[in-house]
Amino acid sequence: MNNGNMESLVLLSAPDDDDQPEGDRKPLPPKAANTKQLDPIKHLEQWRIICIDFHRFRSKCPDKCKALIRQGVPEFLRGSVWQKLALSRELLQKYPKDIYEQMRKTKPAPCEGDIVRDINRTFPKHVLYRDKQGLGQQQLMNVLRAYSVFNPEVGYCQGMGFICGMLLMYMGEND
């Protein structure tokens with residue numbers, strides 16, 4: 001990476017509010033004590049090594065794991081790392097292999113009317129969800145319906161669509 005790209009990775013503190021009009025403000029230089037440069041190659045290499053045995057790394061180096069997560073999980077690893085953090089694979093082993101398919105096909109699903117009403121409101125401008133009855137909306141509907149069957153006590157609440165929608169951006173419907 002060239003130096004220009006490295007400079008863009010410098011974390012800056014927000015400028016102080018002052019009486020200058022917004023158009024007249026000039027960006028403040030970064031404070032030496034508050035800047036931190038991330039070497040993207042080193043960061044990716046660390047994640048590559050961590051993902052080989054994530055649970056072992058997390059238990060042996062919890063502070064380093066926390067620091068790396070706070071620096072940001074590389075986009076192409078987010079789905080996998082989020083699953084490892086949530087221990088979702090281990091949870092799936094407690095249930096029959098086709099549990100998602102069974103829940104997805106259950107008719108009627110609790111809260112289905114509420115889910116249908118909210119689907120179009122979930123990330124309406126995102127390419128994955130903007131088309132009514134498109135693949136993204138269908139996957140979102142399937143997962144939310146399946147969860148409402150899996151946990152009827154909770155069923156569905158309005159914010160679930162955004163959480164589920166974000167997860168579907170990084171992993172498959174069956175995950």
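Note that the structure is a prediction, hence the values are computed from the model and not measured.

S.K.: What is the right way to look at a nonpolar patch on the surface in this model?
M.R.: A cluster of nonpolar side chains, namely Leu91, Tyr95, Tyr147, Phe150 and Val154, defines an oily patch on the protein surface of about 420 Å² accessible area. Along the chain, Leu91 falls in helix 6 (residues 88-92). In this structure Leu91 comes out as partly exposed when scored by relative accessible area, which is 44%.

S.K.: Sorry, what's going on with the packing of aromatic side chains here?
M.R.: Given two aromatic rings, one states the distance between the centres and the angle between the planes to describe the pair. One pass over the full model with this rule turns up five aromatic pairs. A ring pair is formed by Tyr95 and Phe150, whose centres lie 5.5 Å apart and whose planes are at 75°; its orientation type is edge-to-face. A residue pair is termed long-range when its members are at least 10 positions apart, and Tyr95 in the loop between helix 6 and helix 7 (99-105) and Phe150 in helix 9 (residues 135-150) qualify at 55 residues. Taking the relative accessible area as the measure of exposure, Tyr95 reaches 33% and is therefore partly exposed. Ring centres of Tyr147 and Phe150 lie 6.3 Å apart, and the angle between their planes is 45°; this geometry places the pair in the tilted category. Placement of the pair is Tyr147 and Phe150 together in helix 9, with a separation of three residues, close to one helical turn. The class of Phe150 is partly exposed, set by a relative accessible area of 37%. Taken together, the ring pairs in this structure connect Tyr95, Tyr147 and Phe150 into an aromatic cluster.

S.K.: How should helix 8 (residues 112-119) be read in this particular structure?
M.R.: Along an α-helix, residues three or four positions apart point the same way, because every turn accommodates 3.6 residues. Those residues of helix 8 lying buried are Ile115, Asp118 and Ile119. Buried positions in helix 8, seen along its axis, are confined to an arc of 105° and lie on one side of it. Where the residues of helix 8 are buried, they touch helix 9.

S.K.: Honestly, the pattern of salt bridges in this entry has me stumped. Any pointers?
M.R.: It is possible for side chains of opposite charge to pair when their charged atoms get near one another. Here the structure, examined in full by the defined rule, presents eight salt bridges. Its salt-bridge partner being Arg104, residue Glu101 comes within 2.5 Å of it at the nearest N-O pair. Linking Glu101 with Arg104, this pair stays in helix 7, spanning three residues, or about one helical turn. Using a relative accessible area of 29% as the deciding quantity, one classes Glu101 as partly exposed. Accessibility expressed as a relative area gives 23% for Arg104, which makes it partly exposed.

Calculation criteria
- Residues numbered from 1 in each chain as written.
- Predicted model: local features only at pLDDT ≥ 70, side-chain atom pairs only at ≥ 80, totals over all residues.
- Heavy atoms only, no water.
- Patch = residues over 30% accessible without salt bridge, like charges linked within 9 Å, V, L, I, M, F, W, Y side chains within 5 Å.
- Areas by Shrake-Rupley, 256 points an atom, 1.4 Å probe, with all protein chains shown as cover.
- Salt bridge = Lys/Arg side-chain N within 4 Å of Asp/Glu carboxyl O.
- Helix = DSSP H or I, 4+ residues; strand = E, 2+ residues; numbered from the N terminus.
- Buried < 20%, exposed > 50% of the residue type's maximum accessible area, 1.4 Å probe, protein only.
- Phe/Tyr/Trp six-rings, centres within 6.5 Å; stacked < 30°, edge-to-face > 60°.
- Arc of directions from axis to C-beta.
- Contact = heavy atoms within 4.5 Å.

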